[in-house]
Every structure is written in structure tokens, then in C-alpha cells.
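# Examining the three-dimensional arrangement
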Amino acid sequence: MKRVVTIQDISCFGKCSLTVALPVISAMGVEATILPTAVLSTHTGGFKNFTFRDLSEDITKIFDHWKSENIEFDAIYTGYLGSFEQIDLMKDFICKKPKKTLAFVDPAMADNGKLYTGFTPEFAHHMLTLCKKADIIVPNITEASFMLDVPYIEEGYDKAYVEDILKKFADLGIKTPVLTGVSLEPDKLGVAMYDSEKDEFFYYFNEKIDAKFHGTGDIFSSVAIGGIMRGMDIKEALKLAADYVVECIKVTMPDKDRHWYGVEFEKTIPYLVNRL
Ligand code: PXL
């Protein structure tokens with residue numbers, strides 16, 4: 001069984017980061033080791049007065065203990081990180097990883113043209129220094145625009161805009177940059193990927209559903225890394241991740257008790273497992 005270590009916060013309430021990564025990766029038949037970087041009472045997207053306990057002090061100790069136990073991972077998947085220091089700790093961890101370990105970085109810090117509460121453009125530039133160490137990165141267009149200082153275009157951009165962003169990442173040494181939330185036609189939404197070794201672009205779109213929920217980026221990343229660990233080609237894993245997010249949104253929409261803070265991904269886990 002492949003083993004992933006996923007390093008991001010625990011937002012106790014709100015269905016994102018570790019509270020979705022752990023169930024999703026496990027359901028895919030992949031061992032999920034977790035490293036919580038912080039504990040928050042809720043995620044930061046819409047709740048006020050959330051608590052934030054920074055666990056940075058423990059991170060190096062945990063890495064050192066794992067090393068002393070010869071614990072290794074098939075993939076490192078980092079998500080939301082709460083500070084510059086945590087980004088540096090992740091860079092160091094990735095630099096020291098065995099060659100066979102895949103480094104997958106989701107620079108979760110912004111969406112819809114805005115940085116999440118507490119982040120600055122400098123933080124986004126620092127996140128880019130972590131992305132440069134990764135094999136695969138999965139920013140959305142907002143995150144990419146903050147990291148690369150390219151203008152954020154909400155809609156009406158073309159392939160040239162998307163491919164320029166992907167190539168800029170590849171020029172920085174990232175083997176497989178992926179962009180999420182790509183929309184080249186008004187009723188379609190999906191992902192774009194650049195395979196820098198083959199010099200090939202890949203696109204995959206689904207119908208665009210007019211609704212926004214928190215945590216869907218974390219679900220996407222968890223399925224993508226889970227799929228890759230299950231031996232899927234990256235393109236197949238990205239398709240599965242995109243399809244699963246759509247399924248999650250579709251199942252959530254009709255529920256009159258649905259919540260703005262997250263999707264009902266629990267209901268569609270059988271769909272995910274059946275697709276493997
Ligand atoms: O889903 C991304 C995410 C993860 N962790 C925290 C967040 C968010 C998005 O708002 O606030 C703490």
C-alpha cells in the first residue's frame with residue numbers, strides 16, 4: 001500500500017484541509033499519514049473570531065522522529081500553511097526526501113481573486129519558493145497570479161493566458177504544473193496541465209455549476225494524489241479529481257440543509273471508490 005504524508009492544518013469545523021484529506025485518501029486505499037501544522041476552530045473563509053494554534057514548534061521534532069524510525073513516504077502532499085516559517089520547514093523536508101518520493105504542493109491560500117484572511121502578496125511569493133521544489137503543483141488561477149505577479153483575469157481569458165502561466169511555472173523548474181478553476185467557455189470549468197518533459201498541454205472540463213463551496217480545492221488535491229498513488233496516470237487522476245468535485249457539488253446542491261462552508265463529500269465516497 002502506498003503511503004502519503006499530508007501536511008496542512010486541522011480546521012476542526014468546516015470540512016477542509018485534513019478533515020477532508022484524511023477520509024478521502026484513506027477511502028482510496030492509500031495510507032494517509034498526517035502532520036497538522038495548526039489547529040483552528042474553523043477554517044478562515046467566512047467564520048469570524050476563529051482560534052489558531054500554531055504547531056510549527058512540533059514539526060521539526062516530528063520529522064526527526066520519523067527519520068529515526070526510518071519512516072518514508074511515497075508522496076508528500078502539502079496544503080494550507082500558516083506562516084513563512086512553515087513554508088521553509090516544508091522546503092527543507094522536500095529537499096531531504098528520497099528521490100522516489102513525489103512532492104505535490106497545493107499552495108492553498110487564495111481564491112476568486114483574493115488572498116485568504118491573514119495572507120499577503122509576500123506570502124504568495126514565498127509559497128512560490130516551495131512550489132519550485134515540487135514535482136506537481138495545483139494552484140488555482142488566483143494563487144498562480146499572486147505567486148507569479150501576473151494579472152488575475154476572472155473570466156474571458158484564452159488558452160494563451162493559461163499556457164503562459166503554466167510555462168512560467170515550468171521555467172522555474174516545476175515538472176508538472178497544473179492550474180485548477182480554468183474556464184475557457186462560459187459553461188465549462190476544469191483543469192489545465194503542462195507536462196514539461198513532453199512539452200504537452202492537457203485540458204479537462206466539466207459542466208460549470210454556478211455555486212461556490214469551501215474545501216473543494218482540498219478535495220480535488222486529495223483525490224489527485226490518491227489517484228496517482230493508486231497508479232493512475234496524472235491525467236487520469238486529474239480527471240477523477242475534477243469529476244469527484246463535480247459529484248460532491250451536485251449531491252450538495254439539492255440538500256435544503258446544505259451548508260456554505262463545505263460540500264457533502266461523504267455522500268459521494270462510494271462513487272469515488274467505484275471509479276478506482
Ligand atoms: O480549503 C482551504 C483552507 C484550508 N485551511 C484553512 C482555510 C482554508 C480556506 O479558507 O481557511 C484554515
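Structural notes, computed from the coordinates. As the structure is a prediction and not an experimental result, all values here were calculated from the model. (Residues numbered from 1 in each chain as written. Predicted model: local features only at pLDDT ≥ 70, side-chain atom pairs only at ≥ 80, totals over all residues. Heavy atoms only, no water.)

Moving on, we come to the overall build of the chain. When helices and strands are counted, the chain shows 9 helices and 11 strands. The C-alpha atoms of the chain give a radius of gyration of 17 Å, which matches the 19 Å a tight globule of 276 residues would have. Taken along its principal axes, the extent of the C-alpha atoms in the chain is 50 × 45 × 40 Å. Expressed as a percentage of its 276 residues, the buried residues of the chain come to 51%. For the chain, the proportion of contacts with a sequence separation of at least 24, taken over those separated by at least 6, is 68%. (Helix = DSSP H or I, 4+ residues; strand = E, 2+ residues; numbered from the N terminus. Rg over C-alpha atoms; globule rule 2.2 N^0.38 Å. Buried < 20%, exposed > 50% of the residue type's maximum accessible area, 1.4 Å probe, protein only. Contact = heavy atoms within 4.5 Å.)

Remark: helix H2 (residues 56–68) packs on helix H3 (residues 84–95), axes separated minimally by 10 Å, with the N-to-C direction vectors making an angle of 10°. With respect to each other, H2 and H3 are oriented roughly parallel. Read as a crossing pair, H2 and H3 show a hand that is right-handed. Between H2, through Ser56, Ile59, Thr60, Phe63 and Trp66, and H3, the contact on the second element is made entirely by Glu85, Gln86, Leu89, Met90 and Phe93. (Axes fitted to C-alpha atoms, helices over the stretch in contact; angles between N-to-C directions. Parallel < 35°, antiparallel > 145°, perpendicular 65-115°, else oblique. Left-handed = near helix turned anticlockwise from the far one by under 90°.)

What follows is about the state of the cysteines. Following the criterion strictly, the structure yields 0 disulfides and no others. Note on Cys12: no disulfide assigned, nearest cysteine sulfur contributed by Cys16 at a separation of 10 Å. Cys131 forms no disulfide, and the closest cysteine sulfur to it belongs to Cys95, at a distance of 13 Å. Since its relative accessible area comes to 0%, Cys131 is described here as buried. (Disulfide = S-S within 2.5 Å.)

Turning our attention to the sheet that holds strand S1 (residues 3–13). Taken together, the 9 strands give an open sheet; going across it, the order is S3-S2-S1-S4-S5-S8-S9-S10-S11, and neighbouring strands pair in mixed fashion. The open sheet is flanked by strand S3 (52–54) and strand S11 (200–207), the only strands paired with a single partner. Note: strand S2 (residues 31–42) against S3, 3 bridges, orientation antiparallel. Note on S3: the bridge partner recorded for Ala38 is Asp54. Contacts from H2 reach S1, S2 and S3 within the one sheet, and its direction differs from that of S2 by about 170°. (Pairing = 2+ DSSP bridges.)

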